[in-house]
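The chain contents come next:
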Amino acid sequence: MPRFASIDIGTNSVLLLVAERLPDGRFEAVVERAEITRLGRGVDTSRVLSAEGMEATLSTLVAFADEARALGAEGIAVSATSAARDAKNGADFIAAAKARADVTVEIIPGEMEAQLSFAAVSADFAGEAAGPLLVVDIGGGSTEFIYGSEAGTVAFRHSFDVGAVRLTERFVRNDPPSPDERAAIEAHLRHTFAALPPTPPSAMLVGVAGTVTTLYALQHRMATYDAEQVHGGTLSRGELDTLTDMLCTLPLDARRALPGLQPKRADVIPAGALILREAVKALGLDACRVSDRGLRWGLLVHRFGSAPSTS
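Residues take numbers from 1 onward in each chain, read along the sequence in its written order. This being a predicted model, a pLDDT of at least 70 is required before a residue's local features are given, and a value of 80 or more before pairs of side-chain atoms are given or counted; all residues contribute to the totals for chains, interfaces and linings. Think of the side-chain values as coming from all heavy atoms in the structure, minus any hydrogens and water.

Draft legend 1. Summary view of the environment of Leu-285. Following the sequence through the fold, Leu-285 ends up in the loop between helix 12 (269–283) and strand 11 (287–290). Spatially, the C-alpha atom of Leu-285 lies 7.9 Å from that of Leu-205, the residues being 80 residues apart in sequence. Pairs of residues are marked as contacts when any of their non-hydrogen atoms sit within 4.5 Å. Those residues in contact with Leu-285, other than ones at most four positions away along the chain, are Leu-134, Thr-199, Ala-203, Leu-205, Arg-237 and Val-280. Where helices and strands are cited, they refer to DSSP runs of H or I of at least four residues and of E of at least two residues respectively, numbered from the N terminus.

Next up, the structure:
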């Protein structure tokens, strides 16, 4: 069966998916990998990708592209999101990616990012929803909201410039965040999310990306991340309240030691938890389902899902 790959370059991490396209058009994962490279460090202030962030990301991109080719991927789709969109030297990064990894990086707009994430979630959760499907995609630099219609199409989508890395760099100066810093983040999020349309009746919320899956892993104290256990799980509003309070009061060294939390994500997870908690509150919902499949899956289907199988 033919194999294809997608690589999602975010503000905080780079994700690889190599999958086989089955005869019925579905994709089955062969390999999934993730590496935190922090491409978007400092971009909120400088609007420039740092040399350190670019080098870490390019090195990972080369390794992921090489692995995809070694596994027989016939094509590799590569997207870059918030950090590359915002940076003045985004074109330099794209040129370096082509020269070093021989891949073409597409900087996708926030609205397309939202649509691709929704496509991935809809494929797995639409059958479970009693009403419309809502998706929140929390990244390092931005957070996307997508409302699905009863027919399963996108009814509303918007990308907000609030992400775990961006809010940490903008508001946090103390370890752990001071009560005033937390309050400032919460107020900023409430103001931002006030622009959301009313939540449709009987809507199901699904969260995607590393912040959401990490919070689920933390809730269940996963010493080793288990994608099958995470995917399809649920975080209640009460659990989010408890997790957020814990993460906002523990110092960085203690957060790094928590089962279920990648040490490289420990500095930005308090802001990420606040984003998800405030999103659930803004939508007036009691829980959030968890998806381990986000943009990389939607990108794979978007680029390679329409051609007939050659098997």
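Draft legend 2. Quick look at the sheet that holds strand 4 (residues 73–80). Strands were regarded as paired on the criterion that DSSP finds at least two bridges between them. If you walk across this open sheet you meet the five strands as 3-2-1-4-5, and the pairing is mixed. Strands at the two margins of the open sheet, each flanked by one partner only, are strand 3 (27–36) and strand 5 (105–107). Sheet twist, expressed as the mean angle between neighbouring strand axes with direction ignored, is 20 degrees. Sheet topology note: the strand 2 (residues 13–21)/strand 3 ladder contains nine bridges and is antiparallel. Each residue of the ladder has a partner; that of Glu-20, found in strand 3, is Glu-28. Axis definition: a line fit to C-alpha positions, over the contact stretch in the case of helices; interaxial angles, taken between N-to-C directions, run 0 to 180 degrees.

Draft legend 3. Main features of helix 5 (residues 110–125). Helix span is expected to be 1.5 Å times the residue number reduced by one. With 16 residues, helix 5 ought to run about 22 Å at 1.5 Å a step, and its terminal C-alpha atoms sit 22 Å apart, in line with that. A 1.4 Å probe rolled over the protein chains alone gives each residue an accessible area, and that area as a share of the maximum for its type sets the label: buried under 20%, exposed over 50%, partly exposed in between. Those residues of helix 5 that sit buried are Gly-110, Glu-113, Ala-114, Leu-116, Ser-117, Phe-118, Ala-120, Val-121, Ser-122 and Phe-125.

Draft legend 4. Broad picture of helix 6 (residues 164–171). Counting buried positions over the eight residues of helix 6 gives six, a clear majority of the element. Among the residues making up helix 6, those that are buried are Ala-164, Val-165, Arg-166, Leu-167, Thr-168 and Phe-171. Here the buried face of helix 6 lies against helix 1 (43–46), helix 3 (82–86), helix 7 (179–193), helix 8 (210–219) and helix 12.

Draft legend 5. Inspection of the sheet that holds strand 11 at higher detail. Read from one edge of the open sheet, six strands run 8-7-6-9-11-10, paired in mixed fashion. Both edges of this open sheet fall to strand 8 (154–160) and strand 10 (234–236), since each of them pairs with a single strand only. Pairwise comparison of adjacent strand axes, ignoring direction, gives a mean angle of 20 degrees for this sheet. Relative to strand 10, helix 10 (residues 237–249) is tilted by about 75 degrees, and along the sheet it contacts strand 10 and strand 11.

Draft legend 6. Layout of the packing of helix 10 against helix 12. In the contact formed by helix 10 and helix 12, the axes pass within 9 Å of each other and the chain directions differ by 150 degrees. On the basis of the axis angle, helix 10 is roughly antiparallel to helix 12. In the packing of helix 10 onto helix 12, the handedness of the crossing is left-handed. Listed contacts from helix 12 to Arg-237, Leu-240, Asp-241, Thr-244, Leu-247 and Cys-248 of helix 10 are Ile-269, Pro-270, Ala-273, Leu-274, Leu-276, Arg-277, Val-280 and Lys-281. The classification used treats Ala, Val, Leu, Ile, Met, Phe, Trp, Tyr, Cys and Pro as nonpolar, Asp, Glu, Lys and Arg as charged, and all other residues, Gly among them, as polar. Class assignment for the residues of the contact of helix 10 with helix 12 results in nine nonpolar, one polar and four charged. Any angle from 65 to 115 degrees is called roughly perpendicular, while one under 35 is roughly parallel, one over 145 is roughly antiparallel, and all others are oblique. For any pair of crossing helices, the crossing counts as left-handed if the nearer helix is rotated counterclockwise from the farther one by less than a right angle, and right-handed if it is rotated clockwise.

Draft legend 7. Here's a closer look at the packing of aromatic side chains. The rule is short: rings of Phe, Tyr and Trp, with Trp giving its six-membered ring, pair when the centres are within 6.5 Å, and they are stacked under 30 degrees, edge-to-face over 60, tilted in between. A full pass over the atoms with the stated rule returns five aromatic pairs. Between the aromatic rings of Phe-4 and Phe-304, the centroid separation amounts to 4.7 Å while the plane-to-plane angle is 15 degrees, which identifies the pairing as stacked. On the criterion of sequence distance, the pair formed by Phe-4 in strand 1 (residues 3–9) and Phe-304 in helix 13 (residues 295–304) is long-range, its members being 300 residues apart. For Phe-4, a relative accessible area of 7% puts it in the buried group. By relative accessible area, Phe-304 is classed as buried at 11%. Ring centres 5.9 Å apart and planes at 70 degrees place the aromatic pair Phe-160 and Phe-193 in the edge-to-face group.

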